[in-house]
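Next come the chains, spelled out residue by residue.
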Amino acid sequence: MEADPTSRAVPEPDYRVLFAAMPTPLAVLAPDFTIVAVNDEYLKVSRTERAALIGRGIFEAFPDNPDDPGATGQARLRASLERVLRTGEPDIMAVQKYDIRVACGDGARFEERYWSPINTPLMDADGVITHILHRVEEVTGFTQSLEIAQANRRLREANEDLDVRVVARTEELRKE
């Protein structure tokens, strides 16, 4: 007769190990938006090193692209994080363009990236927000595929319009 598997004591998971093992890019921010922890997936997609992030403000670590006057990544992320602090509720952001700085042969440059972020409050037993879990998923490839599909659709429509005009003009010339 086998023992009931539900009667065994199951150890509490080690949440640091769980956090590190997640295949989703995660960062933990203090309420002042200082980065206090990141997992390896976050480092991979942001092309950074842990030592370059821990203890820095997220906006210092990830500034807007100075060559893009229309950059809104910082402002939108800040607004989302502030909503989390104000409401105590998770904030799911629409896909965001937020370029990242990457090292290259002559220093650094910004690379266009698109992200799907979710910011979730982490609270203590009294309901006070102690941290924010910043989950991001890079969707640059998906976004670029959509842009290519839309460009192809516009090109097809332009070609169809051009075909109609050519046929019409050819008919006009034939009549003349």
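Every value quoted in this text rests on a predicted model; they were computed, and no experiment measured them.

1. Side note on the packing of aromatic side chains
In this structure the tally under the stated criterion is two aromatic pairs. Judged by centre distance (6.2 Å) and plane angle (80°), the ring pair of Y42 and F62 falls under edge-to-face. Note that Y42 is positioned in helix α2 (residues 40-46) and F62 in the loop between α4 (58-61) and α5 (73-87), a separation of 20 residues in sequence. Relative accessible area serves as the criterion here: at 5%, Y42 is assigned to the buried category. Residue class for F62 comes out buried when judged on its relative accessible area of 10%.

2. Observations regarding unusual backbone geometry
With a phi close to 75°, F33 is a non-glycine residue in the positive phi region. Mapped onto the fold, F33 is located in the loop between β1 (26-29) and β2 (35-38). For R47, which is not glycine, the phi torsion reads 55° and is therefore positive. Inspection of the secondary structure puts R47 in the loop between α2 and α3 (50-53).

3. Thoughts on the pattern of salt bridges
Evaluation of the coordinates by the stated rule reveals eleven salt bridges. Linking R50 and D40 is a salt bridge whose minimum nitrogen-to-oxygen distance equals 3.1 Å. Of this pair, R50 sits in helix α3 while D40 sits in helix α2; the two residues are ten residues apart in sequence, bridging distant segments of the chain. For R50, a relative accessible area of 36% gives the class partly exposed. In this structure, the salt-bridge partner of E138 is R113, at a minimum N-O distance of 3.3 Å. Pair noted here: E138 is in strand β8 (residues 129-138) and R113 is in the loop between β6 (107-111) and β7 (114-123), with a separation of 25 residues, a long-range link.

4. Things to note about the nonpolar core
Counting residues in each nonpolar core, the largest one holds 23 residues, and the members touching the most others are I35, Y42, L53, I58, F62 and L81. For L53, the contacting residues outside a window of four places in its chain are I35, V38, Y42, L43, S46, T48, A61 and F62.

5. A few points about the side chain of S46
Residue placement: S46 occurs in helix α2. At 2.7 Å, the side chain of S46 and the backbone oxygen of Y42 are in polar contact. Setting aside residues up to four positions removed in sequence, S46 forms contacts with L53, F62 and I100.

6. Some words on the pairing of β2
Put simply, side chains in a regular strand alternate between the two faces of the sheet. Looking at chain direction, β1 and β2 are connected through three bridges and run antiparallel. Counted as the bridge partner of A27 is V38 from β2.

7. Here's the deal with α5
A rise of 1.5 Å per residue sets the reference length of α5, with its 15 residues, at 21 Å; its end C-alpha atoms lie 21 Å apart and thus fit the reference within 8%. Those residues of α5 that sit buried are G73, L77, S80, L81 and V84. The arc enclosing the buried residues of α5, seen along the axis, measures out at 95°, which places them on a common side. Residues of α5 that are exposed and point more than 90 degrees away from the buried face comprise A75 and R86. G88 sits one or two residues past α5 and shows a positive phi near 70°.

What counts, and at which threshold
Residues numbered from 1 in each chain as written. Predicted model: local features only at pLDDT ≥ 70, side-chain atom pairs only at ≥ 80, totals over all residues. Heavy atoms only, no water. Phe/Tyr/Trp six-rings, centres within 6.5 Å; stacked < 30°, edge-to-face > 60°. Helix = DSSP H or I, 4+ residues; strand = E, 2+ residues; numbered from the N terminus. Buried < 20%, exposed > 50% of the residue type's maximum accessible area, 1.4 Å probe, protein only. Salt bridge = Lys/Arg side-chain N within 4 Å of Asp/Glu carboxyl O. Core = buried A, V, L, I, M, F, W, Y, C linked by side-chain atoms within 4.5 Å. Contact = heavy atoms within 4.5 Å. Polar contact = N/O pair within 3.5 Å; in protein donor to acceptor, adjacent residues only side chain to side chain. Pairing = 2+ DSSP bridges. Expected span 1.5 Å × (residues − 1). Arc of directions from axis to C-beta.

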